[in-house]
Amino acid sequence: MTDGVTQMTRRERPDQWRVYADGLTFRVLASRGAGLPAIVLVHGIGVSHRYLARLHDVLAQSRTVYSIDLPGFGGLPKPDRDVDVPTMSRALAEVIESLDAGAVVLAGHSMGSQWVVEVGVQRPDLVTHVVAMGPVTDERHRSVAGQTVALAIDTLGETPTINAIVFSDYLRCGPRWYLTQLRHMLTYPIEDRAASLSAPLLVIRGSRDPIAGLEWCRRLRDRAVTADLVEIPRRHHVAQHSAPRAVAAAILAHVS
């Protein structure tokens, strides 16, 4: 455990605990497996580990997997200060280091792709591979209106189960923290930071994703030194829930 991690508790469940780093509260959910490297999953804006659960379970059949809930999301306490992408990522790196899992595969969805790319740039010693699922944001969607329209279109294509998970998590997050993070999401230059990655990057998108378009994902792939792009056929933005086995297969192939 690093000096920056001030406290850990496993009062919730043996496979679930909270980590306090830089004054921020994180939740870790762990499934222990034999395969290495371990895989760490990070959710996107407004949501939590719940829409990563199916992917987590598939990956856990062959790997140690950790899903991490970030401060202010999933019912966790909201920070008493503004936290931009680099600041959140520094604290997230401390949480990952506290796992004592060695270097990990770091996979994030939507805004989670920004946090994992930033961790990969800040702390390359902690990361073997970076996975950006449905990464945000391209120029057409770098506004509140652009994101709102894209999200509305995506909602029409997702299953009722996915929409129920996402929007119930939005309610738990609340509009103030959501909009605070949205401001950072819209201004974070993920394509520039991806160019600074030393770890290989995998970009994954559903072929019908209106938020992470194909042209944008190709451009993000091409900015990285070493990168691949995988499309999941007939899936939308939350492909890791609607097609967890296909997404897991892409991640494991990338790592191997």
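Our subject is the structure listed above.
These lines cover the structure that appears in this document, whether it is placed above or below.

**A closer look at the overall build of the protein**
Thought 1: Each helix and strand in the protein was counted, giving 10 helices and nine strands.
Thought 2: At 16 Å, the protein has a C-alpha radius of gyration in line with the 18 Å of a compact globule built from 256 residues.
Thought 3: Expressed along its principal axes, the backbone C-alpha trace of the protein runs to roughly 40 × 40 × 35 Å.
Thought 4: When each of the 256 residues of the protein is scored for burial, the buried share is 58%.
Thought 5: Counted over contacts in the protein with a minimum sequence separation of 6, partners at least 24 positions apart contribute 76%.
Thought 6: Just so you have it, the protein exposes about 10,300 Å², and 53% of that area is on carbon and sulfur atoms.

**Overview of helix H8 (residues 214–223)**
Owing to its 3.6 residues per turn, the α-helix aligns residues three or four sequence positions apart on the same side.
Thought 1: Those residues of H8 lying buried are Trp-216, Cys-217 and Leu-220. The arc that holds the buried residues of H8, viewed along the axis, is 95 degrees, so those residues lie on one side. Exposed residues lying more than 90 degrees from the buried face of H8 are Glu-215 and Asp-222.
Thought 2: On its buried face, H8 sits against helix H7 (190–194), strand E8 (201–206) and strand E9 (227–232).

**Description of the pattern of salt bridges**
Thought 1: With the rule as written, the count across this model stands at 14 salt bridges.
Thought 2: For Arg-142, the salt bridge identified is with Glu-191, shortest N-O distance 2.8 Å. You can see Arg-142 sitting in the loop between strand E7 (127–133) and helix H4 (144–157) and its partner Glu-191 sitting in helix H7, a full 49 residues away along the chain.
Thought 3: Across the pair Arg-172 and Asp-169 runs a salt bridge whose closest N-O atoms are separated by 2.8 Å.

**A closer look at the nonpolar core**
Thought 1: Counting residues in hydrophobic clusters, the biggest one holds 85 residues, and the most contacted among them are Phe-26, Ile-68, Trp-115, Ile-204 and Ile-251.
Thought 2: In terms of residue count, the dominant contributor to this core is helix H2 (residues 85–98) (seven residues).
Thought 3: Residues in contact with Ile-204, not counting those within four places in the same chain, are Val-131, Ala-132, Met-133, Gly-134, Pro-135, Val-230, Ile-232, Val-247, Ala-250 and Ile-251.

**Digging into the packing of H2 against helix H3 (residues 111–122)**
Thought 1: As a packed pair, H2 and H3 sit with axes 9 Å apart at the nearest point and diverge in direction by 70 degrees. With respect to H3, the element H2 is oriented roughly perpendicular. Our pair here, H2 against H3, has a crossing hand that is right-handed. Seen from H2, the contacting residues are Val-85, Pro-86, Met-88, Ser-89, Arg-90, Leu-92, Ala-93 and Ile-96; seen from H3, they are Met-111, Gln-114, Trp-115, Glu-118, Val-119 and Gln-122.
Thought 2: Per-class residue counts for the contact of H2 with H3 are nine nonpolar, three polar and two charged.

**Description of unusual backbone geometry**
Thought 1: Here the residue pair Val-136 and Thr-137 is connected by a cis peptide bond, since its omega of -5 degrees sits within 30 degrees of zero.
Thought 2: Mapped onto the fold, Thr-137 is located in the loop between E7 and H4.

**Points about the environment of His-237**
Thought 1: Relative to the elements of secondary structure, His-237 occurs in the loop between E9 and helix H9 (239–242).
Thought 2: Each C-alpha atom of the pair His-237 and Gly-213 lies 9.7 Å from the other, and the pair is 24 residues apart in sequence.

**Remarks on the side chain of His-109**
Thought 1: Mapped onto the elements, His-109 comes out in strand E6 (residues 104–109).
Thought 2: Within the local environment of His-109, its side chain forms a polar contact with the backbone oxygen of His-237, the two atoms lying 2.7 Å apart.
Thought 3: Residues in contact with His-109, not counting those within four places in the same chain, are Val-42, His-43, Gly-44, Tyr-51, Met-133, Gly-134, His-237, Val-238 and Gln-240.

Reading the values: the criteria
- Sequence order sets the numbering: in each chain, residues are counted from 1 along the sequence as written.
- Local features in this predicted model are restricted to residues of pLDDT 70 or higher, and side-chain atom pairs are both shown and tallied only at a pLDDT of 80 or more, whereas totals for entire chains, interfaces and linings draw on every residue.
- Side-chain descriptors were evaluated using all non-hydrogen atoms of the structure, hydrogens and water having been removed beforehand.
- Runs of H or I in DSSP of at least four residues are treated as helices and runs of E of at least two as strands, each being numbered from the N terminus.
- Here the radius of gyration uses the C-alpha set of atoms, whereas the globule reference equals 2.2 Å times the residue count to the power 0.38.
- Remark: exposure states derive from per-residue accessible area (1.4 Å probe, protein chains only) relative to the maximum for the residue type, with buried under 20%, exposed over 50%, and partly exposed in between.
- In what follows, residue pairs with any heavy atoms lying within 4.5 Å of each other are defined as contacts.
- Only the protein chains shown count as cover for residues, and the accessible areas themselves come from Shrake-Rupley with a 1.4 Å probe.
- This arc corresponds to the set of directions leading from the helix axis out to the C-beta atoms.
- Salt bridges are defined by distance alone: a side-chain nitrogen of Lys or Arg within 4 Å of a carboxyl oxygen of Asp or Glu.
- Within this scheme, the nonpolar core is defined by two criteria: the residues are buried Ala, Val, Leu, Ile, Met, Phe, Trp, Tyr or Cys, and they are joined through side-chain atoms within 4.5 Å.
- Interaxial angle, 0 to 180 degrees, is taken between N-to-C directions of lines fitted to C-alpha atoms, where a helix line uses only the stretch in contact.
- Just so you know how the angles are binned, under 35 degrees is roughly parallel, over 145 roughly antiparallel, 65 to 115 roughly perpendicular, and the rest oblique.
- Here a crossing is taken to be left-handed if its near helix is turned anticlockwise relative to the far helix by less than a right angle, and right-handed if that turn runs clockwise.
- Put simply, Ala, Val, Leu, Ile, Met, Phe, Trp, Tyr, Cys and Pro go in the nonpolar bin, Asp, Glu, Lys and Arg in the charged bin, and everything else, Gly too, in the polar bin.
- Pairing of N or O atoms within 3.5 Å defines a polar contact, subject to two protein rules: one partner must be a possible hydrogen donor and the other a possible acceptor, and residues neighboring in sequence count only if both atoms are side-chain atoms.

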